[in-house]
Amino acid sequence: MTRISITVDGVRYDDDVAPRTLLVQHLRDNLGKVGTVVGCDTSNCGACTILMTDPSGGDRPVGVKSCSLLAVQADGCEITTIEGLSAPDDSGELHPVQRAFSDRHALQCGFCTPGMIMAAVDLLADNPDPSDAEIREGLEGNLCRCTGYQNIVRAVRDAAAAMRAEGTSAEPAEPTPEAVDAATPDRGAPPEPVPDDVVPQPVP
Ligand code: FES
Ligand code: FES
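Keep in mind it's a predicted model, so treat the numbers as computed, not measured.

## Observations regarding helix α3 (residues 113–126)
Phase 1: Between its terminal C-alpha atoms α3 stretches 20 Å, which fits the 20 Å expected from 14 residues at 1.5 Å a residue.
Phase 2: Burial analysis of α3 places twelve of its 14 residues in the buried class, the great majority of the element.
Phase 3: Of all the positions in α3, only Thr113, Pro114, Gly115, Met116, Ile117, Met118, Ala119, Ala120, Val121, Asp122, Leu123 and Leu124 are classed as buried.
Phase 4: Those residues of α3 hidden inside the fold are in contact with β3 (49–52), β4 (62–65), α2 (96–103), α4 (132–138) and α5 (150–166).

Here is the structure:
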């Protein structure tokens, strides 16, 4: 096991992890960040996208597919998941990209949505006024099986316009000290007991 320290959604977590543990597994299974979902586990679908600082430098957190990294590679990094994107003061106010996805009905089953929103935030932090072609190119690493992408592009366009009008950046705001104090690191849901009658039994 290797000791790592990661700050996730403003809260620092120190944990021992197996060297082979994927970052997405650590976020979901050990830290309870189940808003980050696994669609493929092979860095194809983008459902597991998060924002992460670059340990070797870089001026802002960037979108990464958390199934494509080992947890140990995130040691010392700061991560924002979909669960830390909305207002840091617990007011329930959505991030402009979340709001636009809701207003534009840019989802159906919603499975791709956490990763799609995080990738859109990354895109807009880099390019606050993207063309539709640039939005499609920016989200090309994220697959959606439901929507046909039209409303996703509209939502990203709307979010960009709203943030330009507000004079705000897509980058998530820093959590307030109060919000960090109030956060209770969730060690993940305990495994559910499986009743005997649903466990296949050997044929006598
Ligand atoms: Fe599909 Fe990570 S789960 S890219
Ligand atoms: Fe279902 Fe995108 S809304 S996969």
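## Examining the packing of α3 against α5
Phase 1: Remark: α3 packs on α5, axes separated minimally by 11 Å, with the N-to-C direction vectors making an angle of 45°. Judged by the angle between their axes, α3 and α5 are oblique. Crossing hand, α3 versus α5: right-handed. Of α5, the residues touching α3 (which contributes Met116, Ala120 and Leu124) are Ile152, Val156, Ala159, Ala160 and Met163.
Phase 2: Its residues assigned to classes, the contact of α3 with α5 shows eight nonpolar, no polar and no charged.

## Focus on the sheet that holds strand β5 (residues 78–80)
Sheet strands associate in pairs through backbone hydrogen bonding, adopting either a parallel or an antiparallel arrangement.
Phase 1: Spatially, five strands are ordered β2-β1-β5-β3-β4 in an open sheet, and the strand pairing comes out mixed. Single-partner strands in this sheet number two, and they are β2 (11–17) and β4. On average, each strand axis in the sheet is tilted by 40° relative to the strand beside it, whichever way the strands run.
Phase 2: Here β3 runs beside β4; their pairing, made up of four bridges, is antiparallel. In the sheet register, Met52 faces β4, and the bridge partner there is Val62.
Phase 3: Strand contacts of α3: β3 and β4, with the helix running at about 35° to β3, the strand carrying the most contacts.

## Focus on the nonpolar core
Phase 1: Judged by nonpolar contacts, the single largest core of 46 residues is most densely connected at Val97, Ala120, Val121, Leu124 and Ala159.
Phase 2: Mapped onto this core, the elements with two or more residues apiece are β1 (2–8), α1 (23–30), β3, α2, α3 and α5.
Phase 3: In this structure, this core is formed jointly by two domains, domain 1 (2–84) and domain 2 (96–166), each of which donates at least three residues.
Phase 4: What Val97 contacts, discounting residues up to four positions off in sequence, is Ile117, Ala120, Val121, Leu124, Ala159 and Ala170.

## What to know about the pairing of β3
Phase 1: What you see with β3 is no split at all: Thr49 and Leu51 on one side and Ile50 and Met52 on the other are buried throughout.
Phase 2: Bridging between β3 and β5 involves two bridges; their strand directions are antiparallel. Its bridge partner lying in β5, Leu51 is registered against Thr80.

Definitions and cut-offs
- All chains use their own residue numbering, which begins from 1 and follows the written sequence.
- Starting at A for chains and at 1 for ligands, labels are handed out in the order in which the entities are written.
- Reporting of local features is limited, given that this is a predicted model, to residues whose pLDDT is at least 70; pairs of side-chain atoms are given and counted only at 80 or more, and all residues count toward the totals for whole chains, interfaces and linings.
- Labels follow the DSSP assignment, with helices taken as runs of H or I lasting at least four residues and strands as runs of E lasting at least two, numbered in each case from the N terminus.
- Each residue after the first adds 1.5 Å to the expected span of a helix.
- With C-beta atoms placed from the backbone, the exposure class of a residue follows from how many other C-beta atoms lie within 10 Å of its own: 20 or more, buried; 12 or fewer, exposed; in between, partly exposed.
- We call two residues in contact when their backbone-placed C-beta atoms lie within 7 Å.
- Axis lines are fitted to C-alpha atoms, over the contacting stretch for helices. Their N-to-C directions set the angle, which ranges from 0 to 180 degrees.
- Here roughly perpendicular refers to angles of 65 to 115 degrees, roughly parallel to angles under 35, roughly antiparallel to angles over 145, and oblique to all remaining angles.
- By definition, any crossing whose near helix is turned counterclockwise from its far helix by less than a right angle is left-handed, and any crossing with a clockwise turn is right-handed.
- Gly falls in the polar group here, along with every residue not listed as nonpolar (Ala, Val, Leu, Ile, Met, Phe, Trp, Tyr, Cys, Pro) or charged (Asp, Glu, Lys, Arg).
- Pairing between two strands requires that DSSP report at least two bridges joining them.
- Throughout this description, the term nonpolar core refers to a group of buried Ala, Val, Leu, Ile, Met, Phe, Trp, Tyr and Cys residues whose C-beta atoms join them within 7 Å.
- Domain limits in this description derive from either an automatic procedure or a database domain assignment.

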